[in-house]
Amino acid sequence: MMGLFQTVTNFWDRPHQSFLFCFVLPTSLFFTVQEIFMKKILPFVVIVSLLALPLCAAQTENDGTDTEEEKKSFSVHSKAGESEVPPSKKPAPQSSERITDLDNTDPDGREKNADIIQFGLDDEVLDLLKTMTKNKDVRFVDEVYGLFQDTKNSAIKVNILDYFKTIEDPCLEDFAVMTLNDPYDEEPSVVNACFSYVQAVKTTGAVPAVEYLLENREEYFQGAIETLGKIGGGEEALYLTDYFNNEDLTLAKKQTLVRVLGQLKAVETYDALVEIAEDENENTFIRMYASQAIGEMGKAEAVDVLGELYSEKDPNLRAAVVKGLSNFDTAEAKNTLIQAIKDSHVKVRLEAVAAVKKLKMAEAMDFLIYRAKNDPEASVKTACYETIALLNTQTGNDYLIKQITDKKTGDATKIKIVKPLLENETGISEIASLALELATDDKRKSTRYAIGKEIAKYKNEQFADVCMAFLNSKDVSTQGTGLDMYAKGRYSKADAFVRELADKADPEAKSRNANAFKAAKILGITVESKKD
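Asker: Lay out the overall build of the protein with the relevant residues and their values.
Answerer: Regarding its fold elements, the protein presents 29 helices and 0 strands. Expressed as a percentage of the 532 residues in the protein, the buried residues total 43%. A fraction of 65% describes how many contacts in the protein between residues 6 or more apart in sequence connect residues 24 or more apart. Summed over its atoms, the accessible surface of the protein is roughly 29300 Å², and 51% of this surface lies on carbon and sulfur atoms.

What follows is the structure, given as structure tokens:
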């Protein structure tokens, strides 16, 4: 270092050589610093590094352990990982009777549909798949399965998954599980279709993949959690209970999670759900789903819990409590349900009437009749009519029949009452009398159409005269409804009229008689041109 200082001094003392200063000084400085670094600093750095190496390794090892512990602490019930892919399989053999029935109703479809599946444009194939799914057409399961193996079109894949989901055939389980294991190469629509598919065919082996997506892929949260609700069991319910405590969950996700827990009906989660339901600081909708869930588990002690929760101010929560209580056929539960029929909020009253209907609580009849007479909400009145008819008590039937025959009762009310009475085969003669009255009253056509449509769903000899009265009407729609009644009941006194009407079906006529063609179709008559 002293040598460097001396060099600088010499240059400073000799101005005529100072022009060399800018060249010599950097060179001297470099070699001097290098010498210091090599002799002093480098050995120190090496020693420190060697001493720190074990500590770094230990820290790295410790970090890995902490990460693993975090994963485990999320839920000891987690199975998140890769699911075992089930073996591939062909579609299951279909019912020969079902296939014969489809061939009879769609005789041209066998050849035409097979051609579309093999040769059709994508849009044609998609339209056909939607129709086949709607009709549960099982004639082409092998062809559709083969198409799935070949197609690259995501929309077609989605529709084929929906098709096999609808007929509940597990032939695509292997694809669905592989996709959920590794969803990156498929469109989100295909992945979501796989969620729906494994729900329908109950692919419980998909749970690990589903849980992994739930934890790691935000975009698949809804599909994953809904799937666990369909294919999971007690352990999955405990897993979701742990997941509920995840601080990163949004309110909407928590609501969905608790609703899914209710679907699982796992008694293992009862205590946790009771705690949620009773937490006044929790979101109302989360408390609602929890209340329903503990009721659906059917544990006797839930009646007391729900009874206490019914005193809450929020009507939505009270309605959920009533729904939960509808699972218990005990005196205490029924007492709360009867009180709920008188609740000040319409949602609660509707839920209470539904619970009475579910439990067939004849002891609630007087309350139902009072509400049917006096409730300010039409929806509650209609629900009461249906429940009164279902309970089929003498008191209830007398009340409903009186509404049918009473001239003061409005037609809107009569229409609502006729349907449940017919469903329970009650008040048939009174309904028939009302229909005969309506058949000739053109001022009440809308009522005639509505009640006639309901009568046409049932075969009863007491409706034979009603059928004839409608057939003889000059109103085309009324006569058409009369034909519907005849098609259902085949009333002998109307045979001649319908045959005569069918004879008027003339394809050459300038004015087409729609009811004549309808009559011919009912009788199985093929209408041909008179020229032929």
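Asker: If you had to explain the packing of helix α8 (residues 173-181) against helix α9 (residues 188-201) to someone new, which residues and values would you point to?
Answerer: Each pair of packed helices can be described by the angle between their axes along with the distance between the axes. For the pair α8 and α9, interaxial distance at closest approach is 9 Å and the crossing angle is 130°. When the axis of α8 is compared with that of α9, the two are oblique. The crossing of α8 and α9 is left-handed. Contact with α8, carried on its side by E173, F175, A176, T179 and L180, involves V190, V191, C194, F195, Y197, V198 and V201 of α9 and no other residues of that element.

Asker: Which residues make up a negative patch on the surface, and what are the values?
Answerer: A grouping of D271, E275, E278, D279, E280, D304, E308 and E332 is seen on the molecular surface, where their side chains present a negatively charged patch. Listing elements by their share of the negative patch, those giving two or more residues are α14 (270-278) and α16 (302-309). With 3 residues, the top contributor of residues to the negative patch is α14. Inspection of the secondary structure puts E275 in helix α14.

Asker: An account of unusual backbone geometry is requested, with residue identities and associated values reported.
Answerer: The phi dihedral of E425 falls on the positive side, at around 50°, and the residue is not glycine. Residue position: E425 is located in the loop between α23 (411-423) and α24 (428-439). Even without being glycine, R490 reaches a positive phi, approximately 50°. Relative to the helices and strands, R490 is located in the loop between α27 (476-489) and α28 (495-502). In this structure R490 comes out as partly exposed when scored by relative accessible area, which is 42%.

Asker: Lay out α23 in plain terms, naming residues and giving numbers.
Answerer: When the terminal C-alpha atoms of α23 are compared, their 19 Å separation across 13 residues agrees well with the 18 Å that a helix rising 1.5 Å per residue should span. Inspection of α23 places D411, K414, I417, V418, P420, L421 and L422 among the buried residues, and these make up the whole buried set. The inward-facing, buried residues of α23 abut α21 (378-391), α22 (394-405), α24 and α25 (445-455). Two residues or fewer past α23, E425 is found with a positive phi of approximately 50°.

Asker: Got a sec to walk through the pattern of salt bridges? Specific residues and values, please.
Answerer: Considering all chains together, one arrives at 30 salt bridges under this definition. For E186, the salt bridge goes to K157, with nearest N and O atoms at 3.3 Å. With E186 in the loop between α8 and α9 and K157 in helix α7 (residues 154-166), the pair connects residues that are 29 residues apart, well separated along the chain. Comparing E186 with K157 shows no difference in burial state: the two are buried. Among the ionic pairs, K334 bridges to E363, the shortest N-O distance being 3.3 Å. Of this pair, K334 sits in helix α18 (residues 331-341) while E363 sits in the loop between α19 (346-359) and α20 (365-374), and the two are 29 residues apart along the sequence. A relative accessible area of 42% means that E363 is categorised as partly exposed.

Asker: Would you mind going over the packing of aromatic side chains in detail, with residue names and values included?
Answerer: In total, this model carries 5 aromatic pairs according to the counting rule given. Where F148 meets F175, the ring centres are 4.8 Å apart and the plane angle is 85°; that geometry is what we call edge-to-face. Taken together, the positions of F148 in helix α6 (residues 141-150) and F175 in helix α8 put the pair 27 residues apart, joining distant regions of the chain. Judged by its relative accessible area of 5%, F148 is buried.

Asker: Would you mind going over the side chain of N397 in detail, with residue names and values included?
Answerer: When you line up the elements, N397 lands in helix α22. Note on N397: relative accessible area 10%, which makes it buried. Contacts of N397, omitting those with residues within four sequence positions, involve N392 and T426.

Asker: Let's hear about the nonpolar core: which residues, and what values?
Answerer: The biggest cluster of nonpolar side chains holds 144 residues, and the ones touching the most others in it are F164, L180 and L240. Among the elements that line this core, the one with the most residues is α9, at 8 residues. Apart from the residues within four sequence positions on either side, L180 is in contact with V191, C194, F195, V198, A206, A209, V210 and L213.

Asker: Account for helix α5 (residues 122-135), naming residues and giving values.
Answerer: Across its 14 residues, α5 extends 20 Å between first and last C-alpha, which sits within 8% of the 20 Å expected from 1.5 Å per residue. Where α5 is buried, its residues contact α4 (109-119), α6 and α7. Directly beyond the C-terminal end of α5, a positive phi value near 50° is found at K136.

Asker: I'd like to hear about the confidence of the model for the protein, residue by residue, with values.
Answerer: Summary statistics for the protein give a mean pLDDT of 88 and a share of 85% for residues scoring 70 or more. pLDDT under 50 marks residues 15-27. Its contacts with residues more than four places away, or in other chains, come to 10 contacts. Taken together, the stretch residues 55-73 has pLDDT below 50 and engages in 0 contacts with residues farther than four places along the chain or on a different chain.

Asker: Lay out the side chain of K157 with the relevant residues and their values.
Answerer: Residue class for K157 comes out buried when judged on its relative accessible area of 12%. Residue contacts for K157: discarding those within four places in its chain leaves F148, T151, F175, E186 and V190.

Conventions used here
- Residues numbered from 1 in each chain as written.
- Predicted model: local features only at pLDDT ≥ 70, side-chain atom pairs only at ≥ 80, totals over all residues.
- Heavy atoms only, no water.
- Helix = DSSP H or I, 4+ residues; strand = E, 2+ residues; numbered from the N terminus.
- Buried < 20%, exposed > 50% of the residue type's maximum accessible area, 1.4 Å probe, protein only.
- Contact = heavy atoms within 4.5 Å.
- Areas by Shrake-Rupley, 256 points an atom, 1.4 Å probe, with all protein chains shown as cover.
- Axes fitted to C-alpha atoms, helices over the stretch in contact; angles between N-to-C directions.
- Parallel < 35°, antiparallel > 145°, perpendicular 65-115°, else oblique.
- Left-handed = near helix turned anticlockwise from the far one by under 90°.
- Patch = residues over 30% accessible without salt bridge, like charges linked within 9 Å, V, L, I, M, F, W, Y side chains within 5 Å.
- Salt bridge = Lys/Arg side-chain N within 4 Å of Asp/Glu carboxyl O.
- Lys, Arg positive; Asp, Glu negative; His and termini not counted.
- Charge placed at Lys NZ, Arg CZ, Asp CG, Glu CD.
- Expected span 1.5 Å × (residues − 1).
- Phe/Tyr/Trp six-rings, centres within 6.5 Å; stacked < 30°, edge-to-face > 60°.
- Core = buried A, V, L, I, M, F, W, Y, C linked by side-chain atoms within 4.5 Å.
- pLDDT = per-residue confidence, 0-100.

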